[in-house]
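Structural description and commentary
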Amino acid sequence: MDTPKSGEFAHIGKSVVIKGELSGSEDLYVDGQVEGTIELRNNSLIVGPNGNVKANVSAKGVVVQGKVEGTVNATERVELRKSAVVNGDVITQRISMEEGAFFKGKIDIQKEPGKAAPVAS
Amino acid sequence: MALVSENVMKLFRGSGQSSAPVVPQKLNRRSSGMAEISRLLNSQEALCVLDLGSTSASNIQFLTEKGHKNYSEDLLRASLDPTLRVKDEAGNWATDGKRFLDENLTYGNALFDIVLCWNLPDYMEESLVKPAVDRLWSVMKPGGLLLAFFHTRDAGPDAPCYRFHITATDMLEMQEIKLPAVNRKDDKNSLRLQRVFNNRHIENLFRDFASIKFFLARDNIREVLVVR
């Protein structure tokens, strides 16, 4: 999941600043600033390389290339790319992390029933 | 013509302007202290572990697969935050230890069963070391274990600073840490040993803890396993 083609994701560009509650039922790409909460229960969030999110995030999947400050709760998986800077707790079933990613906080792996919790580098 | 000459120059420069980051090579090191920690991690469930080294996917994998709670905090990187440098009353540059502790190691009392300190005390600024160890004492459970590595004098001031990756055995994988430009005090991107602790210094550093055990290694490192 790199920069998505327009149309696949709702897109918040790098010059956009949003403060407040963001919720939706489609996938979201954030390359700007968001402060508040992001709630995408059955959809995915990508924080682009210029993205700066200060929010508690709930989504199905979360990919971070930029900065996130807040609790990330992903029902399926979280991916931290090499440029990711995450300050906050991560609650998910699976997490993958690239060399160079920065993480400060707690990782709480919620196991799928009957399965181990895989983590890939 | 200009394009042709540029391409010829690229040929001579080899791969040209490759933006691929250089990943430091991984080295292996057997660790008696880690062997003891591993025994605990393998024999008990749902332990609370604080890893104070650079973010490591291997450590997160190892700990979470065994059902332990993993907290990660790169304390050395946090201590190098340039905004912590302030002028004291005499006009000298100093590190703001109060703000450092306000922003880091902010956990409830008696939370952690295991703290992986790695080689942090050797590379962190001296004024921050004792306050950080005192804070660790308060966030650890009684009976909890702390693992730290200290260089001997023979290691020399340029002994590389490593990040440590846990494996399933007593073997640790190590990768040299290169500083990001924002954290550098000079043009060097390697961390330097700030001091060498002798055994007495180490005992003083952990004097509030219940017991301390030393493991001597061949690579100019003393491993220290401390019980809270």
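Just so you know, these numbers come straight off a predicted model, no measurement behind them.

**Structural notes on helix 3 (residues 57–65) of chain B**
For helix 3 of chain B, the complete set of buried residues consists of Asn59, Ile60, Gln61, Phe62, Leu63 and Thr64 of chain B. After helix 3 of chain B finishes, the residue Gly67 of chain B shows a positive phi value of roughly 85°.

**What about the sheet that holds strand 1 (residues 26–30) of chain B?**
Residue and element names in this part refer to chain B. An order of 1-9-8 is seen for the three strands of this open sheet, with the pairing classed as antiparallel. This sheet does not close on itself; its edge strands, each paired only once, are strand 1 and strand 8 (162–166). Neighbouring strand axes in the sheet, compared pairwise and without regard to direction, differ in orientation by 35° on average. Here five bridges tie strand 1 to strand 9 (residues 171–176), and the two strands are oriented antiparallel to one another. Counted as the bridge partner of Asn28 is Glu173 from strand 9. The strands that helix 3 touches are strand 8 and strand 9; relative to strand 8, the one it contacts most, it runs at about 30°.

**Here's the deal with the interface of chain A and chain B**
Note on interface size: it is often stated as the accessible area lost on association of the parts. Between chain A and chain B, the residue contacts involve 17 residues of the former and 15 residues of the latter. When residues of the side of chain A that touches chain B are traced back to their parent elements, those giving at least two are strand 10 (94–97) and strand 11 (102–109) of chain A. At eight residues, the largest contribution of residues to the side of chain A that touches chain B is made by strand 11 of chain A. Of the residues that constitute the side of chain A that touches chain B, the class distribution is ten nonpolar, three polar and four charged.

Quick notes on the rules
Counting of residues starts from 1 at the beginning of each chain's written sequence and follows it residue by residue. To label them, take the chains in the order written and letter them from A, then take the ligands in the order written and number them from 1. The predicted nature of this model means local features are confined to residues of pLDDT at least 70 and side-chain atom pairs, given and counted, to a pLDDT of 80 or more, with totals for whole chains, interfaces and linings taken over all residues. With C-beta atoms placed from the backbone, the exposure class of a residue follows from how many other C-beta atoms lie within 10 Å of its own: 20 or more, buried; 12 or fewer, exposed; in between, partly exposed. Per the convention used, a helix needs a DSSP run of H or I reaching at least four residues, while a strand needs a run of E reaching at least two, with both numbered from the N terminus. Pairing between strands is defined by DSSP: at least two bridges between the two strands are required. Axes here refer to lines fitted to C-alpha atoms; in helices the fit is confined to the stretch in contact. Angles between the N-to-C directions go from 0 to 180 degrees. The contact criterion used here is simple: two residues whose C-beta atoms, placed from the backbone, lie within 7 Å are in contact. Put simply, Ala, Val, Leu, Ile, Met, Phe, Trp, Tyr, Cys and Pro go in the nonpolar bin, Asp, Glu, Lys and Arg in the charged bin, and everything else, Gly too, in the polar bin.

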